[in-house]
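So the chains spell out like this:
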Amino acid sequence: MREIIVNKNDEGRRLDRFLKIYFEKAPLSFIYKNLRKKNIVVNGKKAKPEDILREGDEIKLFLAEETIEKFKKDIKKSKNSKLPDILYEDEDIILVKKPVNMLTHNDSKAYQDNALDRMVDYLIAQGDYNPRLEKSFRPAFVNRLDRNTSGILIGAKNLKALQDLNDAIKKREIKKLYLTLVAGRVTKDFDVDINLKKTGNNVMKKSSREEGKRAITEFKVLNSNKDYSLLSVNLITGRTHQIRASLKEEGLAIVGDRKYGEDRVNRVFRERGLDSQFLHNYAIVFGADAFKNLKGKSFVYLPDGKMKDLAEDIFKINLGDLLNEKNNL
């Protein structure tokens, strides 16, 4: 016997349509037959195909596991798939790994591949979200990463989760840690608390309190030498280009950053194979009061490829060991 609890996103759905999503490979005759024979019941009672589900309804499947698995939706990753790369998932949230050169969400009239649509397509395929039934809600991310920034995106699978996550972020109960490599030697930790205002070419610059939006960022030195410094960044607020613009105001430039960085430094690293800015959201830390069963938990996604190789070569370190030592993750 298998038990399914109806969640908020499935409320208002017909039972037969719900079961058809769950048993994607089964003909409707299979569903109707098992409803008729009470092999599928709702809240312990015989149910009809047209019954409307409510949040919290308990559906029990008195079927062999082999039968359930035979007809269930089969989602497999392949090299050619456009499924999201999932770091963590439960019934409410999903943490997605975003690579460099992928948009968080589509920001133009012409379609471009993006992390949000990949996540939504995955949830539709899983049966966790049905856009035809959900008229007022669409799964969403509560944080955003620039196209050239890789890292972890926090997705909400239902409206309650979206509200709770946004509230937790507003209360600073969810910490977002970034890793960045800057040109120059930094010898001590520092904070930047400024107001930022958008100027021409979508560039953010320091402004007066009246004009801009407050941007608070904490920078911690992980390692440095005479030429470069590896920093861990705690993003307190979430403004556009906040880390990059804040470092620029401090006279520091992220390696590979074509908008706020230095062309001379960027050329050196392009020759070494880095064709993006060295900025990666490597950890999401849920505070003690943050979010349901995730309270006090950390999720880490280390950069790979050229970023990892360059950091380890420049500072002669193991990146994972360094972050564990400095951040207690």
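Just so we're clear, the structure is a prediction, and the values are computed from it rather than from any experiment.

Asker: Quick one: what's the story with the overall build of the chain, residue by residue and with numbers?
Answerer: Of the regular secondary structure elements, the chain holds nine helices and 16 strands. Here the C-alpha coordinates of the chain stretch approximately 75 × 45 × 40 Å along the principal axes. Within the chain, buried positions represent 49% of all 329 residues. For the chain, the proportion of contacts with a sequence separation of at least 24, taken over those separated by at least 6, is 63%. Accessible surface for the chain amounts to roughly 17100 Å². Of this, 45% is attributable to carbon and sulfur atoms.

Asker: Talk me through the packing of aromatic side chains; I want residue IDs and the actual numbers.
Answerer: Summed over all chains, the structure comprises seven aromatic pairs. Pairing Phe-30 with Phe-71 gives two aromatic rings, centres 4.5 Å apart and planes at 45°, and the pair type is tilted. Taken as a pair, Phe-30 in helix H2 (residues 28-36) and Phe-71 in helix H3 (residues 65-71) lie far apart in primary sequence, 41 residues in all. Classification of Phe-71 by relative accessible area gives buried; the value is 13%. Where Tyr-228 meets Phe-269, the ring centres are 5.3 Å apart and the plane angle is 85°; that geometry is what we call edge-to-face. Of this pair, Tyr-228 sits in strand S13 (residues 228-235) while Phe-269 is found in helix H7 (residues 263-271), placing the two residues 41 residues apart along the sequence. Comparing Tyr-228 with Phe-269 shows no difference in burial state: the two are buried.

Asker: Explain the sheet that holds strand S4 (residues 58-61) to me, and be specific about the residues and the numbers.
Answerer: Taken in spatial order, the four strands of this open sheet run S1-S4-S2-S3, and their pairing is antiparallel. Where the open sheet ends on each side, the last strands, each with one partner, are strand S1 (2-5) and strand S3 (45-46). As defined by bridge partners, S1 adjoins S4 across four bridges and the pair is classed as antiparallel. Bridging across to S4, Ile-5 finds its partner in Glu-58.

Asker: So what's going on with unusual backbone geometry? Residues and values would help.
Answerer: The phi dihedral of Arg-172 is positive, around 60°, even though this residue is not glycine. Residue position: Arg-172 is located in the loop between helix H5 (159-170) and strand S9 (174-183). With a phi angle near 55°, Lys-316 is a residue other than glycine that sits in the positive phi range. Positionally, Lys-316 belongs in the loop between helix H8 (305-315) and helix H9 (319-327). Taking the relative accessible area as the measure of exposure, Lys-316 reaches 65% and is therefore exposed.

Asker: Kindly report on the pattern of salt bridges, identifying the contributing residues and their values.
Answerer: Summed over the entire model, instances satisfying the criterion amount to 21 salt bridges. Notably, a salt bridge pairs Arg-272 with Asp-313, separated by 2.8 Å at the nearest N-O pair. One end of the pair, Arg-272, is in the loop between H7 and strand S15 (279-286); the other, Asp-313, is in helix H8, with 41 residues separating them in the sequence. We classify Arg-272 as partly exposed; its relative accessible area is 32%. With its nearest N and O atoms 3.2 Å apart, the salt bridge here joins Lys-316 to Asp-313. Salt bridges here are not isolated pairs; linked through shared partners, they connect Arg-144, Asp-146, Arg-244 and Asp-257.

Asker: Give me a positive patch on the surface: which residues, what numbers.
Answerer: A surface patch of positive charge is lined by Lys-33, Arg-36, Lys-37, Lys-38 and Lys-46. Turning to its location among the elements, Arg-36 is positioned in helix H2. Residue classification places Arg-36 among the exposed positions, given a relative accessible area of 55%.

Asker: Could you give an account of the pairing of S15, naming the residues involved and the relevant values?
Answerer: Buried residues dominate S15, accounting for eight of its eight residues. As defined by bridge partners, strand S8 (residues 150-156) adjoins S15 across two bridges and the pair is classed as parallel. The residue bridging Ser-150 from the neighbouring strand is His-280, located in S15. Two elements, S9 and S15, share seven bridges in a ladder whose sense is antiparallel. Following the sheet pairing, Leu-177 is matched in S15 by Ala-283. Pairing of S15 with strand S16 (residues 298-300) involves three bridges; the strand directions are antiparallel. In the strand pairing of S16, Val-285 is matched with Ser-298.

Conventions adopted
- Residues numbered from 1 in each chain as written.
- Predicted model: local features only at pLDDT ≥ 70, side-chain atom pairs only at ≥ 80, totals over all residues.
- Heavy atoms only, no water.
- Helix = DSSP H or I, 4+ residues; strand = E, 2+ residues; numbered from the N terminus.
- Buried < 20%, exposed > 50% of the residue type's maximum accessible area, 1.4 Å probe, protein only.
- Contact = heavy atoms within 4.5 Å.
- Areas by Shrake-Rupley, 256 points an atom, 1.4 Å probe, with all protein chains shown as cover.
- Phe/Tyr/Trp six-rings, centres within 6.5 Å; stacked < 30°, edge-to-face > 60°.
- Pairing = 2+ DSSP bridges.
- Salt bridge = Lys/Arg side-chain N within 4 Å of Asp/Glu carboxyl O.
- Patch = residues over 30% accessible without salt bridge, like charges linked within 9 Å, V, L, I, M, F, W, Y side chains within 5 Å.
- Lys, Arg positive; Asp, Glu negative; His and termini not counted.
- Charge placed at Lys NZ, Arg CZ, Asp CG, Glu CD.

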